[in-house]
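# Observations on the three-dimensional arrangement
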Amino acid sequence: TKTFNFKGTVTKVEWTNPHVRFYLDVVEDGKTNTWNMELASPSALARNGWTSRSLKVGEQVTVQGYAAKVAPYRGNARSVVLADGRSLFGGAADDNGPAQ
């Protein structure tokens, strides 16, 4: 249930099944941490307007999502605002947020 909303720089993108992942350098309290972000599958993302070139290494993005329960600097990206201002949904069509 722990949410986050921060800006960072994309350092790596893995457009693979079962889930797309990207890595984001985020400055927190003066220290840079690399977050491992999980998205939905490539096919679900494509239905939501994504392409394999939507995220670009070196680009600044804003990410909103849910932090992992046990792994630090890992999370599920629910939405991503790209450098060009477009906001893309990062979850599957049935994403209702974290389990209650």
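The following paragraphs examine the structure supplied in this document.

Cut-off values and rules
Residues numbered from 1 in each chain as written. Predicted model: local features only at pLDDT ≥ 70, side-chain atom pairs only at ≥ 80, totals over all residues. Heavy atoms only, no water. Salt bridge = Lys/Arg side-chain N within 4 Å of Asp/Glu carboxyl O. Buried < 20%, exposed > 50% of the residue type's maximum accessible area, 1.4 Å probe, protein only. Helix = DSSP H or I, 4+ residues; strand = E, 2+ residues; numbered from the N terminus. Polar contact = N/O pair within 3.5 Å; in protein donor to acceptor, adjacent residues only side chain to side chain. Core = buried A, V, L, I, M, F, W, Y, C linked by side-chain atoms within 4.5 Å. Contact = heavy atoms within 4.5 Å.

Using the criterion set out here, one finds 3 salt bridges in the structure. Note that glutamate 14 and lysine 12 form a salt bridge whose closest N and O atoms lie 3.3 Å from each other. Residue classification places lysine 12 among the partly exposed positions, given a relative accessible area of 43%. In this structure, glutamate 38 engages arginine 21 in a salt bridge whose closest nitrogen and oxygen atoms are separated by 2.9 Å. A residue pair is termed long-range when its members are at least 10 positions apart, and glutamate 38 in strand E3 (residues 31-38) and arginine 21 in strand E2 (residues 21-28) qualify at 17 residues.

For the rest of this paragraph, the subject is the side chain of arginine 21. By relative accessible area, which is 15% here, arginine 21 ends up buried. Only 2.9 Å separates the side chain of arginine 21 from the side chain of asparagine 36, close enough to count as a polar contact. Separated by 2.9 Å, the side chains of arginine 21 and glutamate 38 make a polar contact.

Membership of the largest hydrophobic core comes to 22 residues, with the highest contact counts inside it found for Phe22, Leu24, Met37, Leu39, Leu55 and Val80. Going through the elements one at a time, strand E1 (3-14), E2, E3, helix H1 (42-47), strand E4 (60-67) and strand E5 (74-81) are the ones with two or more residues in this core. Those residues in contact with leucine 24, other than ones at most four positions away along the chain, are Phe6, Gly8, Thr9, Val10, Thr11, Asn33, Thr34, Trp35, Met37, Val61 and Val63.

The step from asparagine 17 to proline 18 runs through a cis peptide bond, and the omega angle for that step is 5°. Topologically, proline 18 is positioned in the loop between E1 and E2. Backbone geometry places aspartate 29, a non-glycine residue, at a positive phi of 55°. Residue placement: aspartate 29 occurs in the loop between E2 and E3.

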